[in-house]
Amino acid sequence: MNPYTIFADIIAGAAPSSKVYEDDEVLAFMDIRPVTPGHVLVVPKVPAPSLADLDPALGGKLFQVGQRIAAALRGSEVAADGVNFFLADGVTAGQEVFHVHLHVIPRRPGDGFGLRARPTSPARADLDYLAGSIRGALT
Ligand code: 5GP
């Protein structure tokens, strides 16, 4: 896979972005097509295309920075009433830019944002079976 993404240029300062936070490992900037006003993306500076390529400690840091930004979205003029985190890992999950990024999405009543899903009601035995399978695959 071509490792180039527009986020690499943004991190390098070769493409414009509206920065919210930066340190040695992480950059956060405004999404250019926000689903609600104040929508922020948090990215590692290393070009990891997917979660499997990302050091788990850095993944944890993305969440930590996201947590701080969530508080800022509530405390800033964005005046968020709630916040959603969203991360698309893989084409099937809706990933379009292949550089891991955490969406931090401020919520306001009636903002129109939502996830479509059809929850089911599996038997406990089915939940236990899949839990065991997932436990077995944990590394
Ligand atoms: P994904 O669908 O991969 O989870 O989300 C990619 C996100 O990157 C989208 O929300 C899209 O608006 C955002 N995006 C794509 N290109 C750019 C860009 O050049 N600048 C910024 N700030 N965001 C971008």
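In the nomenclature of an unreviewed UniProt entry, the protein corresponds to HIT family protein from the organism Nocardia lasii.

Below, the discussion takes up the pattern of salt bridges. When their charged atoms lie close together, side chains carrying opposite charge are able to pair. For the coordinates displayed, the defined rule picks out 5 salt bridges. Here Asp-23 ties to Lys-61 by a salt bridge, and the two come within 2.7 Å at their closest N and O atoms. Of this pair, Asp-23 sits in the loop between β1 (19-22) and β2 (26-30) while Lys-61 sits in helix α2 (residues 56-75), placing them 38 residues apart in sequence. Take Asp-23 and Lys-61: they sit in the same class, and that class is buried. Taking the shortest distance from any N to any O, the salt bridge between Arg-107 and Asp-111 comes out at 2.8 Å. Using a relative accessible area of 21% as the deciding quantity, one classes Arg-107 as partly exposed. A single salt-bridge network, built from bridges that share partners, covers Lys-19, Glu-22 and Lys-45.

With that settled, the discussion passes to the sheet that holds strand β4 (residues 82-86). With antiparallel pairing, 5 strands are arranged side by side in an open sheet as β1-β2-β3-β5-β4. Across the chains shown, the open sheet's two edge strands, defined by having one partner strand only, are β1 and β4. Taking each pair of neighbouring strands and ignoring which way they run, the sheet shows an average axis angle of 20°. In terms of strand pairing, β4 meets strand β5 (residues 102-107) through 5 bridges, oriented antiparallel. Following the sheet pairing, Phe-86 is matched in β5 by His-103. Sitting on the sheet, α2 is in contact with β1, β2, β3 (40-44), β4 and β5, with an inclination near 155° to β3.

A few words on the nonpolar core. With 16 residues, the main nonpolar core has Val-40, Val-42, Ile-69 and Val-104 as its most contacted residues. Taken together, the elements giving at least two residues each to this core come down to β2, β3, α2 and β5. Take this core: its biggest share by element is 6 residues, from α2. Apart from the residues lying within four places of it in its own chain, the contact partners of Val-40 are Val-20, Ala-28, Phe-29, Met-30, Asp-31, Ile-69, Leu-73, Leu-102, His-103 and Val-104. With 8 residues, the next largest nonpolar core counts Phe-7, Ile-11, Phe-29 and Val-43 among its residues.

What counts and what doesn't
- Residues take numbers from 1 onward in each chain, read along the sequence in its written order.
- Totals for whole chains, interfaces and linings use every residue, but because this is a predicted model, local features are given only for residues with pLDDT of at least 70 and side-chain atom pairs only at 80 or more, for both listing and counting.
- Side-chain numbers come from the whole structure's heavy atoms, not from hydrogens or water.
- We define a salt bridge as a side-chain nitrogen of Lys or Arg found within 4 Å of a carboxyl oxygen belonging to Asp or Glu.
- Each helix corresponds to a stretch of at least 4 residues labelled H or I by DSSP, and each strand to a stretch of at least 2 residues labelled E; elements are numbered beginning at the N terminus.
- The cut-offs for exposure are 20% and 50% of the maximum accessible area for each residue type, with area from a 1.4 Å probe on protein chains only; residues under the lower value are buried, those over the upper are exposed, and the others partly exposed.
- Should DSSP find at least two bridges between two strands, the strands are taken to pair.
- All axes here are fitted lines through C-alpha atoms, helices being fitted over the stretch that makes contact, and every angle between N-to-C directions spans 0 to 180 degrees.
- Pairs of residues are marked as contacts when any of their non-hydrogen atoms sit within 4.5 Å.
- The definition of a nonpolar core used throughout is a set of buried Ala, Val, Leu, Ile, Met, Phe, Trp, Tyr and Cys residues joined through side-chain atoms within 4.5 Å.

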